[in-house]
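Next come the chains, spelled out residue by residue.
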Amino acid sequence: MNPKRTRRRDFLKTAPVVAGVAAAAMEAAGTQAFGADAPASAEQLRSYGQRSHFVTSERVGNIGMWPTTLQPRDYGFRTPLQDLVGMVTPASLHYILSHGFDPPEIDPAQHRLLIHGMVDRPLIFTVDELRRLPSVSRFHFIECHGNSAVSGPTGPPRKTPNATVQETHGLTSCSEWTGVPLSLLFKEVGVQKNATWIVAEGADVLKHTKSIPMEKAMDDALVAYGQNGEPVRPEQGFPLRLVTPGWQGINNVKWLRRIYLTDAPHMGNMESTKYPSPRPDGKSRWFESQLGPKSVITRPSGGQRLTARGFYEITGLAWSGGGAIRKVEVSTNGGQTWKEAEVQGPVHPKAHTRFRLAWNWNGEECVLQSRCTDDRGQVQPTLEQIGKIWNVGMDYFQSTSPASADMGNFNAIQPWKITADGSVLNALV
Ligand SMILES: Nc1nc2c(c(=O)[nH]1)N[C@H]1C(S)=C(S)[C@@H](COP(=O)(O)O)O[C@H]1N2
Ligand SMILES: [Mo]
């Protein structure tokens, strides 16, 4: 007999229990829902759709406020990964990291992109002119390199037992980006031989700038005007943003208005002060731009509760700045043994990839975790392995010192502990 079938049938034995719980929960939710906000009018829904007003999943801004003196706004807003299905993040739930500022108000008809510096023909493009050029659409994640590491108000989420996956991993999102390859624009302006770096600048208050090596710019960078089938959202850089697939979020300059070609990195504000995050082994972290392989179980995850023993689908997301996800393994016993999870299509390079594994919870305490491998053979490390590379012990990860709170490119395997009463807790540190 097909072993897969047998397993599925075993799970179905427990189905009545699951269904019973669900029916009761639905009834409770239904009663409450009548008190919720009034739904949008049918007319409003026809002109531009909204989700059902019963759906309340939202971004949470909990990194802390900085710089408070200029504009008191949360520094970052995290994506509710626990509520997402599939591999696309709705644009309205894409995480936001704008260094504490509201998006600038930009009229796309007035907006210009200037490309100059070491070029034969400096050029200015309108958004309409860019839209006339050959375009590409590609799925890519954008992840802040501080994801899973930077502090929240209660300290680094990695050492907070009741942290949710939104808090531990919510600074990554995945969209279909549409735009013009930067290499094509560079053909138009004529790149000079000595131009080895580009400096991209945004139109925001801080004039965010980032130096990027020419090699990356020519490889797969995009000047994007589209996100998930519509114009890029204001918080994500409307009307133009740079997309640097698989590289630290900071390179994906929003409200893009200028690209300067030069022969050395520019060392702008963000790249020379907040972002080099010195490693504990004393090495600087300048231009360590590509993000490593990373995955996390989003269901069940921190703060959720298993209501009864029996069947659950374990599901989550995997991604790598190095390429496409080739394999995801899941352990339900704290890493003693691993099973290969089903990698669910579509699988795109440098994009979130959904995985899932059928699981039967026997009601006992256990630890769930996932580990991914990309198509370069890079494997997601454990916390212990990261400690070895950085030459620190586990006590380093316990500490709340600013240096350790700021560590970048943190891609450790994330364990979730299921307690006997079904609670799900962060078990990383
Ligand atoms: N112009 C501009 N671009 C920016 C930023 C910014 O503050 N201003 N933040 C950067 C950082 S640190 C990150 S992680 C990503 C976040 O992109 P998102 O807000 O679309 O998620 O944008 C990058 N691009
Ligand atoms: Mo970032």
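Structural data are supplied above this passage.
What you see is a predicted model, and the numbers here were worked out from it, not measured in a lab. (Residues numbered from 1 in each chain as written. Chains lettered and ligands numbered in written order. Predicted model: local features only at pLDDT ≥ 70, side-chain atom pairs only at ≥ 80, totals over all residues. Heavy atoms only, no water.)

Observations concerning the site of ligand 1
As a matter of local geometry, ligand 1 sits amid 20 residues, with Tyr95, His99, Asp204, Arg241 and Lys254 nearest to it. At 3.1 Å from an oxygen atom of ligand 1 is found a side-chain nitrogen or oxygen belonging to Gln236. Note that an oxygen atom of ligand 1 is positioned 2.5 Å from one of the side-chain N or O atoms of Lys254. Coverage of ligand 1 by the protein chains reaches 100% of its 540 Å² of free accessible surface. According to the grid-proximity analysis, the pocket containing ligand 1 is the largest cavity. Each residue belonging to the shell around ligand 1 can be placed in one class, and the counts come to eight nonpolar, eight polar and four charged. (Near = heavy atom within 4 Å. Polar contact = N/O pair within 3.5 Å; in protein donor to acceptor, adjacent residues only side chain to side chain. Areas by Shrake-Rupley, 256 points an atom, 1.4 Å probe, with all protein chains shown as cover. 1 Å grid on protein atoms, 1.4 Å probe; cavity = no way out; pocket = protein on both sides within 12 Å on 5 of 7 lines; lining within 4 Å. Sits in = over half its atoms within 2 Å of the grid points. Nonpolar A, V, L, I, M, F, W, Y, C, P; charged D, E, K, R; others polar.)

Details of empty space enclosed by the protein
The final tally for this structure, using the stated rule, is four cavities of 30 Å³ or more. Estimated volume of the largest cavity: approximately 220 Å³. Around the largest cavity sit 18 residues that line it, and Leu97, Arg241, Gly249, Asn252 and Lys254 are the ones nearest its centre. (Points joined across faces, edges and corners; volume = space filled by probe spheres on them.)

Remarks on the packing of aromatic side chains
Scanning all chains against the criterion turns up six aromatic pairs. Taking 6.3 Å as the distance between ring centres and 80° as the angle between the ring planes, the aromatic pair formed by Trp390 and Tyr396 counts as edge-to-face. Note on Trp390: relative accessible area 6%, which makes it buried. Ring centres of Phe397 and Phe410 lie 6.1 Å apart, and the angle between their planes is 45°; on these two criteria the pair is classed as tilted. Remark: Phe410 occurs in the loop between helix 11 (402-405) and strand 20 (416-418) and Phe397 occurs in helix 10 (residues 394-398); sequence separation between them is 13 residues. Phe410 carries the same exposure label as Phe397, and that label is buried. (Phe/Tyr/Trp six-rings, centres within 6.5 Å; stacked < 30°, edge-to-face > 60°. Buried < 20%, exposed > 50% of the residue type's maximum accessible area, 1.4 Å probe, protein only. Helix = DSSP H or I, 4+ residues; strand = E, 2+ residues; numbered from the N terminus.)

As for unusual backbone geometry
Only a minority of non-glycine residues have a phi that is not negative, and only a minority of peptide bonds are not trans. Between Arg299 and the following residue, Pro300, the backbone shows a cis peptide bond with an omega angle of -5°. The residue Pro300 is located in the loop between strand 13 (294-299) and strand 14 (310-319) in this model. Along the chain, Gly345 connects to Pro346 via a cis peptide bond; the corresponding omega equals 0°. One non-glycine residue, Asn391, lies in the positive phi region at around 65°. Locating Asn391 in the fold gives a position in the loop between helix 9 (383-390) and helix 10.

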